[in-house]
Amino acid sequence: MTSSQGSAGGGAAGGPGRGGAPPEAANFIQAIIREHEKSGRFGGRVHTRFPPEPNGYLHIGHAKSICLNFGVAQEFGGLCNLRFDDTNPTKEEVEYVESIEESVRWLGFDWEERLFFASDYFDQLYAWAVQLVRQGDAYVCDLSADEIREHRGTLTRPGRNSPYRDRPVAENLDLFERMQAGEFADGSRTLRARIDMASPNLNMRDPVMYRILHASHHRTGDRWCIYPTYDYAHGQSDSIEGITHSICTLEFENHRPLYDWYLERLGIHHPQQIEFARLNLSHTVMSKRKLLRLVEEGRVSGWDDPRLPTLVGLRRRGYTPQSIRAFCARIGVAKFNSTIDMSWLEDAARDDLNARAPRVLGVLRPLRVVLTNLPEDRVVELDAVNNPEDPAAGTRKVPFSRVLCIEQDDFREDPPPKFFRLAPGREVRLRYACIIKCEEVVKDAGSGAVVELRCTYDPATLGGRAPDGRKVKGTIHWVSSAHALPAEARLYDHLFLKPDPEDVAAGEAFAAGLNPDSLQVLRGCLVEPSLASAAPGDHFQFERLGYFCVDPLDSGPGRTVFNRTVTLRDSWAKVEKKQAVAPPP
RNA sequence: UGCCCCGUGGUGUAAGCGGUAACACUUCAGAUUUUGGUUCUGAAUUUCCAGGUUCGAAUCCUGGCGGGGCAACCA
């Protein structure tokens, strides 16, 4: 039994232990499965599946479903399949199949040899359709799409039977055979389930099972010109694979009676469909349609734009699979429609990266600092710890010399209260180096901008500690000008200004809610020389700034681009904000 | 004006058969700190409403109210 690998997410963190362990908090899906295990339904087996349609890129919402399906299987010692729901050749492409596989693998899940396609089952599905026709449970309907809609009735009014509903079985068989043989034009006929046109559930009003589509399929080519609908294909595919728990999102709740109906009429293995609430994240959009729009209208650079909630985007942004899995475990699973604040995702990234990302010194907006009492040719190699959370990460050397750069934000000519950084006449500690004192501020004659600080360093404090015990509250990051490497940094913010992108004035397109500052490109950054060996995709913590990831696409020889995954928590920013709202007397 | 689902602190979730609300995050206040990071301590706040059943209801029943979904030959 390999059920204790635990951490990989899905449901409550850790999950319940197996075999007689006291009951732990579980989400409602785990509770249902436990119930089934107890009652012996499915013979104690648990087999799930993640069933994407290959018509777009995976996003964080899919990650929730992936973690749930693979997680629950893992936890109960079961299996999870990857199955592409490829029943609509007009929308689906191989390009998506490949990207989806890659994303699931990247997230850390393994479907082993169980990669399936609904299209693998087209022959079986067809045979079952014939069976239903024979049983009088399905018929060929000559109504057009418009006519079908018209016959369906409305939410409050029952529908009317199709005039073709009572066709003799032999005629149905013949017609269906000829549909399949390509005798009829697209849309001219359908195969429909014969259920109940007066059902209060519209899905039961003789739903379409097969439509004529003379389209080439990415896997079956031109073998078929009729294709099963989702409702007819999905449950039967589950059945074929021996799925026990068919987990899907809430909008399929009303489809469950139909899911059950097909399986019952066919008399085949009958999985349990369970619905859960899809993930909504603040400040972004999740629907394929809207994501596609952002990409097509050029509001983002592509599907992997680091501002997008797509898995390829998050990956490029610097999110690790672990952080995404932890996030999915933390948000839980329920049937209530909720919106999770983006800060939860960001926290998950901080949590994970804090433990693993090596620390480096990098300056985003450099301000020149000259140490007037340090000889020009003097270079000191200082020891810096790579990760205080992980002693095994060791230390590295950082060069220190007369001309340095510090962050512009770390100097204030007129410091507000509680500002612990550098200011005229004040002292600050340079991380891993020494304490310096600002003696003089050099300004640009024209603009009045501060262009250089002339400081002195205290040789007694080399290493950072003051032997006289004097307290220096601030510690700032820095870089040696002569040794630093140039870099570009991309700072990201929410794609949308408001938590709910739909919350725009009447008549305004949702694009109006886009945050104009969601991307800020900084080209004059300077980073410590050890970063010369940074590889694409590497994660770092720029001390005091945030977590950054080497952009795999735009970095190359002679050019390093860092994507800011997320900032560090910044309690000074909070203090400052408060001061701005209510300035001290 | 039909059917289905849902309603627990600010947020997200828990409380197998009804037993007296918990966890995480956020917030606030401290401590530690050569990252205003991390970590640690403490505090604050909760069962949509109204009836009913019961010794006892977040849990069961009824009725409201509120939110979501459904009328593709999409998934």
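Residues numbered from 1 in each chain as written. Chains lettered and ligands numbered in written order. Predicted model: local features only at pLDDT ≥ 70, side-chain atom pairs only at ≥ 80, totals over all residues. Heavy atoms only, no water.

## Regarding the overall build of chain A
Thinking step 1. Regarding its fold elements, chain A presents 13 helices and 27 strands.
Thinking step 2. Considered along the principal axes of its C-alpha atoms, chain A spans approximately 100 × 60 × 50 Å.
Thinking step 3. Burial analysis of chain A (585 residues in total) assigns 51% to the buried set.
Thinking step 4. Counting only contacts in chain A whose residues sit at least 6 apart along the sequence, the fraction spanning at least 24 positions is 70%.
Thinking step 5. Carbon together with sulfur atoms contributes 50% to the accessible area of chain A, which is approximately 26200 Å² in total.
Thinking step 6. Charged side chains of chain A number 73 positive and 81 negative; the gap between the two group centres comes to 5 Å. (Helix = DSSP H or I, 4+ residues; strand = E, 2+ residues; numbered from the N terminus. Buried < 20%, exposed > 50% of the residue type's maximum accessible area, 1.4 Å probe, protein only. Contact = heavy atoms within 4.5 Å. Areas by Shrake-Rupley, 256 points an atom, 1.4 Å probe, with all protein chains shown as cover. Lys, Arg positive; Asp, Glu negative; His and termini not counted. Charge placed at Lys NZ, Arg CZ, Asp CG, Glu CD.)

## Examining the state of the cysteines
Joining two cysteines, a disulfide is a covalent bond between their sulfur atoms.
Thinking step 1. Summed over the entire model, instances satisfying the criterion amount to zero disulfides.
Thinking step 2. Unpaired in this structure, Cys80 has its nearest cysteine sulfur neighbour in Cys67, at a distance of 11 Å.
Thinking step 3. The structure places no disulfide on Cys525, whose sulfur is separated from the nearest cysteine sulfur, that of Cys405, by 11 Å.
Thinking step 4. Using a relative accessible area of 3% as the deciding quantity, one classes Cys525 as buried. (Disulfide = S-S within 2.5 Å.)

## Looking at unusual backbone geometry
Thinking step 1. Positive phi values are uncommon outside glycine, yet Glu112 reaches one of about 50°.
Thinking step 2. Among the secondary structure elements, Glu112 is positioned in the loop between α3 (94-107) and β3 (115-117).
Thinking step 3. Glu112 gets classed as partly exposed once you look at its relative accessible area, which sits at 47%.
Thinking step 4. Although it is not a glycine, Arg544 adopts a positive phi angle of roughly 70°.
Thinking step 5. For Arg544, the location among the structural elements is in the loop between β25 (539-542) and β26 (546-550).
Thinking step 6. Its relative accessible area of 33% is what places Arg544 among the partly exposed residues.

Keep in mind these values describe shape, not function.
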